[in-house]
Every structure is written in C-alpha cells, then in structure tokens.
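So the chains spell out like this:
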Protein chains: 2
Amino acid sequence: MKFTLLKTDQASGARLGELTTSRGSVSTPTFMPVATQAAVKAVGPDSISQAGAGILLANAYHLHFKPGEDLVASMGGLHKFMNWGGLIITDSGGYQVFSLPNRTIDEEGVRFKAEKGGQPVLFTPESSMEIQRKLGADIAMAFDECVAYPTPHPYAKQAMERTLRWLARCKKNWLDAGGLETGQALFGIVQGSTFSDLRKASTEATAAFDLPGIAVGGLSVGEGLEVMNEVLSHTTPYLPVDKPRYLMGVGLPEDVLAAVDSGMDMMDCVIPTKYARTSVVFTRVGRMRLDNAQYRKDKFPLDTSCGCDVCGHYTRAYIHHLFNAGEVLGHTLASIHNIHFYMTLMADIRKAIQEDRFAAFKTDFLAAYLRSDKKNRLVR
Amino acid sequence: MKFTLLKTDQASGARLGELTTSRGSVSTPTFMPVATQAAVKAVGPDSISQAGAGILLANAYHLHFKPGEDLVASMGGLHKFMNWGGLIITDSGGYQVFSLPNRTIDEEGVRFKAEKGGQPVLFTPESSMEIQRKLGADIAMAFDECVAYPTPHPYAKQAMERTLRWLARCKKNWLDAGGLETGQALFGIVQGSTFSDLRKASTEATAAFDLPGIAVGGLSVGEGLEVMNEVLSHTTPYLPVDKPRYLMGVGLPEDVLAAVDSGMDMMDCVIPTKYARTSVVFTRVGRMRLDNAQYRKDKFPLDTSCGCDVCGHYTRAYIHHLFNAGEVLGHTLASIHNIHFYMTLMADIRKAIQEDRFAAFKTDFLAAYLRSDKKNRLVR
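Residues numbered from 1 in each chain as written. Chains lettered and ligands numbered in written order. Predicted model: local features only at pLDDT ≥ 70, side-chain atom pairs only at ≥ 80, totals over all residues.

### Things to note about the packing of helix H7 (residues 153-177) of chain B against helix H8 (residues 196-208) of chain B
Residue and element names in this part refer to chain B. Test applied: Axis definition: a line fitted to C-alpha atoms, limited for helices to the stretch in contact. Angles are taken between N-to-C directions and run from 0 to 180 degrees. Put simply, DSSP marks the helices as runs of H or I at least four residues long and the strands as runs of E at least two long, and each gets a number from the N terminus on. Note on angle classes: values under 35 degrees are labelled roughly parallel, values over 145 roughly antiparallel, values of 65 to 115 roughly perpendicular, and the remainder oblique. Contact between two residues is assigned whenever their backbone-derived C-beta positions fall within 7 Å. Under this grouping Gly is polar, as are all residues other than the nonpolar Ala, Val, Leu, Ile, Met, Phe, Trp, Tyr, Cys and Pro and the charged Asp, Glu, Lys and Arg.
Between H7 and H8, the least distance of the axes is 10 Å, while the angle of their chain directions is 5°. What the angle tells us is that H7 and H8 run roughly parallel. For the pair formed by H7 and H8, the contact residues are Ala156, Lys157, Met160, Leu164 and Leu167 on the first element and Leu198, Ser202, Ala205 and Thr206 on the second. In the contact of H7 with H8, the residues fall into 6 nonpolar, 2 polar and 1 charged.

### Some words on the relation of the copies chain A and chain B
Our working rule: To line up the copies, we fit them by least squares on C-alpha atoms, keeping just the residues with pLDDT of at least 70 in both.
For the match of chain A to chain B, the screw axis carries a shift of 0.0 Å, the RMSD comes to 0.0 Å, and the turn is 180°. Both copies are brought into coincidence by an operation consistent with a two-fold rotation axis. Taken as a fraction of all interface residues of chain A, those also at the interface in chain B reach 100%, which identifies the copy contact as same-surface.

### Observations regarding the pairing of strand E16 (residues 286-289) of chain B
Residue and element names in this part refer to chain B. The cut-off we apply is this: One requirement defines pairing of two strands: DSSP has to find at least two bridges between them.
Bridge count between strand E15 (residues 280-283) and E16: 4 bridges; the pairing is antiparallel. From the neighbouring strand, Val281 faces E16, where its bridge partner is Met288. Between the antiparallel neighbours E15 and E16 lie 2 residues.

### Regarding the sheet that holds strand E7 (residues 104-105) of chain A
Residues and elements named next belong to chain A. Taking strand neighbours across the sheet as the criterion, the 3 strands line up as E7-E8-E9 in an open arrangement whose pairing is antiparallel. Of all the strands in the sheet, just E7 and strand E9 (120-123) have a single pairing partner and so form its edges. Bridge count between strand E8 (residues 110-113) and E9: 4 bridges; the pairing is antiparallel. The residue of E9 that forms the bridge with Phe112 is Val121.

### Things to note about the domain arrangement of chain A
All names here are of chain A. Here is the rule: The source of the domain bounds is an automatic or database domain assignment.
With domains assigned, chain A is organised as domain 1 (2-269) and domain 2 (283-375). Each partner contributes to the interface: domain 1 provides 26 residues, whereas domain 2 provides 24 residues. Contributions of two or more residues to the side of domain 1 that touches domain 2 are made by strand E4 (30-33), helix H1 (45-50) and helix H10 (253-261). Residue contributions to the side of domain 1 that touches domain 2 peak at 6 residues, all from H10. Of the residues that constitute the side of domain 1 that touches domain 2, the class distribution is 15 nonpolar, 6 polar and 5 charged.

### As for the interface of chain A and chain B
Contacts between the two partners involve 31 residues from chain A and, on the opposite side, 31 residues from chain B. Only helix H3 (69-74), helix H4 (78-82), helix H13 (316-324) and helix H14 (329-354) of chain A provide two or more residues apiece to the side of chain A that touches chain B. Of the residues forming the side of chain A that touches chain B, the biggest block, 5 residues, is contributed by H13 of chain A. Looking at the side of chain A that touches chain B, its residues break down into 15 nonpolar, 10 polar and 6 charged.

### Points about the environment of Thr36 of chain B
Residue and element names in this part refer to chain B. The test is simple: Around each residue's C-beta, the other C-beta atoms within 10 Å are counted; 20 or more make the residue buried, 12 or fewer make it exposed, and counts in between make it partly exposed. All C-beta atoms are placed from the backbone.
For Thr36, the position within the fold is in the loop between strand E4 (30-33) and helix H1 (45-50). Thr36 gets classed as buried once you count the C-beta atoms within 10 Å, which come to 20. With 34 residues separating them along the chain, Thr36 and Asp70 place their C-alpha atoms 17 Å apart. Once residues lying within four places of it in the same chain are set aside, the contact partners of Thr36 are Ala58, Asn59 and His62.

### Here we look at H14 of chain A
All names here are of chain A. To keep it simple, the criterion reads: Here, expected helix span is obtained from the residue count minus one, scaled by 1.5 Å.
The end-to-end C-alpha distance of H14, which contains 26 residues, comes to 37 Å, matching closely the 38 Å that a straight helix rising 1.5 Å per residue would cover. Here H14 lies mainly inside the structure; 21 of its 26 residues are buried. Downstream of H14 by one or two residues, Asp356 has phi in the positive range, about 55°.

### Things to note about unusual backbone geometry
Geometrically, the link from Thr28 of chain A to Pro29 of chain A is a cis peptide bond, its omega value of 5° lying close to zero. Secondary-structure assignment places Pro29 of chain A in the loop between strand E3 (24-28) and E4. A cis amide bond links Tyr149 of chain B with the next residue in sequence, Pro150 of chain B, at an omega value of -5°. Tracing the backbone through its elements, the reader meets Pro150 of chain B in the loop between strand E10 (139-141) and H7. The phi dihedral of Asn102 of chain A is positive, around 65°, even though this residue is not glycine. The topology assignment puts Asn102 of chain A in the loop between helix H5 (94-98) and E7. Backbone geometry places Ala42 of chain B, a non-glycine residue, at a positive phi of 70°.

### Quick look at the environment of Ile48 of chain B
Residues and elements named next belong to chain B. In this fold, Ile48 is placed in helix H1. Ile48 sits 244 residues away from Asn292 along the chain, and the two C-alpha atoms are 26 Å apart. Apart from residues no more than four positions distant in its own chain, Ile48 is found in contact with Pro33, Val40, Val43, Ala53 and Ile339.

### Focus on the nonpolar core
The line we're drawing: Among buried residues, those of type Ala, Val, Leu, Ile, Met, Phe, Trp, Tyr and Cys that are joined through C-beta atoms within 7 Å form a set called a nonpolar core.
Core analysis: the largest hydrophobic core is formed by 234 residues, its most contacted members being Phe187 of chain A together with Phe187 of chain B. Once residues lying within four places of it in the same chain are set aside, the contact partners of Phe187 of chain A are Ile139, Met141, Ala142, Leu211, Pro212, Gly213, Ile214, Ala215 and Tyr246 of chain A.

In structure tokens, the structure reads:
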C-alpha cells in the first residue's frame, strides 16, 4: 500500500491524496460504506461500486463468529467471498468487544462470553491480527481499547497506554507475518478520550510506530460535533503528514466535512445505510424522512439534484409507498441513494480541494443542507 | 392486446404463442413473478427484467388500500410508479377478499371491514374494474368468487354461477369504458372447484363471453398436483383455442410443467420469491435449503448449470452466511436466482415445444429435479 499526498488546502487542513494497493486506487478524502458482516445491508456490491465507493469496512469481531475467518480464508478471502472488487479495511473488533456486557480486560486482552453458546472467548492483539490476516483485508486495524464517553482522565490514560502496548504487539505480529509484503497494511489507532494531553501523547506515540497509516479512534461515541472538533484540534497537529489518516465511525455529512477540514483522509459510518432503513434519505437541501405522510403524493425524485439510479427512476411517493407497505425494496433503494449521496459529497469535496475552494464549498453546502434539515424537523 | 398461437405440441396440449401489446411482447408459455404491492419482494425491476421476465402480476385489493389506485393513476400508472417497462396483469382482488374473515357476500359484491381503520368496504365487479383501470394494468382480471378447497357441490355451483353473473357486469363495465381501446384487456375466470360438471359449465359459459383471454381460477388452493391435473382435464377441452389461457397461482416447477402440458399459456406464483426468503432455492437437480449447515463451506454456486448473476459471482457458502447472519441481501440474491430459474425453465419449455420434444423435456427435467429433491429431504 502506498499513500500519495497530492495537495494540502491553504485555508484549512483539508488534503487531497491517493491510496494505492495492488488491488486498485482510492482517491482521498474517501468515505467507506460499512459491510460489517461481509455485506452492505440490503445492497449488492454492484450498486455500491456504481455509487462510486472504492473501499468498504468489514469487522473482525462479527466475521470471527459468523462465518469465521478460516471459512472466509478457505473461500479465497473476503473480497472473493462477498464479490467485492474494491479495497477492504477491517476493524479489529476492539470497539465491539469493549461494548459487550461483562467483558473483562487485562494486559493479555479482553475476555467475554460468546453471544451464541456462551463459551469463553479471549480477544488479544495477536488473535485480532490473525483474524484480519485470514480475512485478507487490504488494511488491518490495530486492536485498541476504545473507552466510552465520558470517561474519567485516569481510566482514559490507562486505556490509552494499554492501547499503545497492544499496538507494539500488533506491529510485531504484523511484521513477523511479513508486514506490507503480505499485501496487508496495518494502521495504529489514537485514543485518549476527550483529554488534550492524552490525545497529544497518544498521537505522538502512535505516529512513532511508523505504520502505513494512522487512525483516530474513540470519537463519534456520543460526544457531539463540537467536542469532536475540539479533540481533533488536539490530535491532528501531531499526525504524520505523509500517512493516510482515518477518522473512525464518522459520521453525518456535517461531521465528514469537519473531519476533512481538520485534515482527515478516510472516514466510515453506518449512517447512510442505517438511516436508509428507517426511511431517512440525505439530499443537498437536508434530510427527509420518507415514511412521513407529506411524501405520499410527492412526484419528485428523492433529491432533484442527484444523478443516482434511484433518483433517475423513482418518485418519493413510490419510496414512501414501499416503506408504508413494508417492502424491503425501500431499504435497498434508500440505501443506494444515500451511499451515492455520500460518494458524490466526497467527490465534490475532492474537486473543491483541487480547485482551492474547500472552505467556500463547505460553507455553501452546510448553508443549503442545514437550513432545510431544520425545516424538515430532522435537526440533529 | 393480441394473442398469436404459433404452435401446438403434437404429443400434449402444450402451446407456443405470443402475447402482444403496445407496450411489448411476451412469449408464451410464460411465468409471471408476483409484485402484489407494486414491488417484487426484495428485488428491483432491473434484476427482474434481466432474469427474462416480461410480465408481472400486481394486486387490485392490496393496491386499493396501499397506496390507492387514485394515487397510482396520478403518478402516471403502475408501470411508471414502479419503474417496470414490461407488461402488468392485475388480479381483481376476488381471491383476497374471499380469504378475509367475516366478509359477507351478496349479489352486489363482497362486504368486509378494512384491515386498517375497520371502516366498511364493498368490493363489486364494477369497483374492481375501476381500480384496475386506474392502476393501468395491461390485463385486468374479472372479479370472481374463489371458493376454498374442499367445498361442497351446492356451494361451488352457487359461487360459480355468481362468478358468471359478475363476469357479465365486469364485461359491461369494461366495454362501457372503451374495451380493448383503453389499452387494457379483460380476462374472465373459470371456477367450479373440483367438480367436472361445474368446470365444464363454467368454462363453456366463460368462453362464450368472448373476452381477450381466459383464466382458470380456484386451483393451487391446497388440492395437490393430482387433483389439479384432474380438474384441468375437465377444463382445458372447453377452453377457446385462439385465446391466451392463464392458470392462476401456479406454482412449483412440476405444477408449471403440468400446466403447460395441459395447454395453459400463463402462470403466476409467489413461490420463487417466497421460498427464496426462507433460503430455499431452485436448481435443475432439485431444491436446496441454503440455511442448512451442509452448505456452510460449499464453494459451488447455487446451481452449477445456472447462468444468472448470482450463480456467476457467489458461493452457496456466502448465501448461507447471509441467511445465518440475518442479512436481507440473502433474500435478494436467492430471489434473483429463483426468478432466473423459473424464466430459464420457461425459455427451455418454449424451445422444447418449438423443437417437438416437450414430452421428453418434461420427463428429463422431472427425473433430474425430483430425484435430488428427495435426497435433500425437501419432498413436497
């Protein structure tokens, strides 16, 4: 994997880059749709690809239990298994295991009982790396401890320091397996909750591992956009310039713009598909909740400015009907549109950076997007 | 609408024909996937069309309540509303209203309470025709009384005779609106339960209405293949030769073959998509239930002889995983495959009739299909 920084915006931290692997290239800033269980919910890979997505996020925790990394490996890896020709990044499972009830953490790893069957399971930095290697992800994430929001400083410090010790073990495991030669890159993850001293220390220490990329974790966990921006301001100054920077779990369009503004290159979130399944679609003039009766007779496409297949062929009235009638095709169509919306937003962001007008683009986008969002009573 | 009978098989009743409308042509025998609520469940119209389907069945009863025929009309009709470029036939709602609890039938029509809200509703031959006209179906079905299986002779006779009186009202309503000039054809429906005298009388009387097509109703209601064949043998001799013949609600592949054998031209059934949602897929060597553990590591496509997109790109193991993980993409992929299976079966049937080898095709198909079906413990 190679990252090329093509341009840095003069007026902000926004960056234009390219992530290149033997499997293909992805222009950054990029948004990665989520395929937790080796499938983007309700959408086939052709539609994802047509929407412009080049990289998906899958999950080591979920895939370990269903269908298991050995099975995926025997099927020729995750790309072939799920018929996805683009890149795949896998989350390490850190976020998932720390969200479990009754898990215990010690220096070795995290112990918990399997959801199905209840047998004891131990996730360690080494086992997470092994799972991700067998899945065949292009980019593996280090096994980290992601703390809840809010967390007291002493525990946030302890978890951040443990994350660094675990990162050393992840890196050793990765190098022992062959490092970049295996075709899989490893990204470390910055933690430190909302504390500026911890974020600075974590960022500097994580950067010192000199891995192919670096991620910022522990955000988008309920802290809100303002706090996220504050934390990013204590993090990004210490991130390496020449490495791809991944902000995990972000987010809404306004969050994505803030992340790009602060110099992040990669983002992922379930929002486009999760919201779609509740009939919420994104448009340039705000969100709409399609199951609302106001759309019953609406002859317009979801977004009059959108070029996606769904907007080319269906009315809001039809999508409203599908949700009203309980037809899962509504989930599919709304998801395809939302992914297309995010991909178009990213393409427009990249074009704006290229043309030295990112700040103006962000201002204009948010003015149109947030104004109507309020009108539709879908304020955040 | 025009029907051209191209060929009749020498060794059976099988017929090759073409149904032509201003919207396009469909070769018969044809199988019509079901889009009850203006959507084939979990599958978009592009996939349906790519699978080879040229005509879909929608439902006047369901669409009357959601989203309402006036809304569909204001959207430019059902084809445009659901983005379907092929033909659409609508069922009259007769089958649905007679399946309701606490409905009462009199000469005027059927009275029942709306599922949502509970307000009293009256469906009549005239209202059903009006609904189907507003929906804009290429073919409307007469409003009939479909009796349950089994039904005593006296009631079957009474319902069959009422169906004929209602057919006269449907035909008058259709002619008053402009008849075929409206772009909508009307098919009468033969009833008579399992009684040969009633079937003969109903067929002769329905044929005498000289409508653009004729349907055989009241079958595939639990009577089984043997009884269905018996009833068809008392029906088909009296059907007009030059009109398209539609066997309603049929069926499994073996039922479809029997229907073609007896001279039917059109069939519809929810089976391809309904079975798909329970992970049951059709193959030339029988059915498979994909959520069965035996497919967990199966690297084969669903059907090794199938040319559909799903079989070209996915393993049984992946589809098994999707069902096991609760991913609705499994419904979509299995449904696309099953529709493709039915469409390929129909194309092969038409080719066999063309080449004077339908009987051999049917024998060979069933030998391969039913043998393995038993092996998989999915016997009927």
